[in-house]
Amino acid sequence: MKKLFFVLILLAGVLALTNPNEADYREHVRQKEGLAGSVGLVVADLMASGPKGGIRRENFILASRFYLGGDGLLPRETLAWGICKQFIENKD
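Residues numbered from 1 in each chain as written. Predicted model: local features only at pLDDT ≥ 70, side-chain atom pairs only at ≥ 80, totals over all residues. Heavy atoms only, no water.

Visitor: What should I look at first to understand the sheet that holds strand E4 (residues 86–89) in this one?
Guide: For sheets, the rule is that strands pair by backbone hydrogen bonds, running either parallel or antiparallel. Pairing is antiparallel across the open sheet formed by four strands, whose spatial order is E1-E2-E3-E4. Lying at the two open borders of the sheet, with one neighbouring strand each, are strand E1 (55–59) and E4. Strand after strand, the sheet turns through a mean of 30° between neighbouring axes, direction not considered. Here E1 pairs with strand E2 (residues 64–68) via five bridges, running antiparallel. Looking across to E2, one finds that arginine 56 is bridged to tyrosine 67. (Pairing = 2+ DSSP bridges. Helix = DSSP H or I, 4+ residues; strand = E, 2+ residues; numbered from the N terminus. Axes fitted to C-alpha atoms, helices over the stretch in contact; angles between N-to-C directions.)

Below you can see the structure in the form of structure tokens.
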């Protein structure tokens, strides 16, 4: 039982340390979409009200949810989930 608890604690630590941030997601979009993705990020930043920009992150310690908008002109839309420096794109 102690080994299982140790493995779970170790796994949670690894997930927390490899939780992607907003800069990681922006780089992922740039690599995946190229120039169109970069232009889309700039447009989202310009349309968002506030200094944080268009792409936002909700941190859940072990994983993160990346979303667009939520205030100003853009309605809130979940873009992807990030876990272990990987991104799971939302198909909606």
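Visitor: Would you mind going over the packing of helix H2 (residues 22–33) against helix H3 (residues 35–47) with me for this structure?
Guide: Helix-helix packing is characterised by the crossing angle of the two axes and by the distance between the axes. One way to put it is that H2 packs onto H3 with a least axis distance of 6 Å and a crossing angle of 140°. Considering the angle they form, H2 stands oblique to H3. Residue-level contacts link Arg26, Val29, Arg30 and Glu33 of H2 to Leu35, Ala36, Gly37, Ser38, Leu41 and Asp45 of H3. Taken together, the residues that form the contact of H2 with H3 break down as four nonpolar, two polar and four charged. (Parallel < 35°, antiparallel > 145°, perpendicular 65-115°, else oblique. Contact = heavy atoms within 4.5 Å. Nonpolar A, V, L, I, M, F, W, Y, C, P; charged D, E, K, R; others polar.)

No statement about biological role is implied by the geometric values presented.
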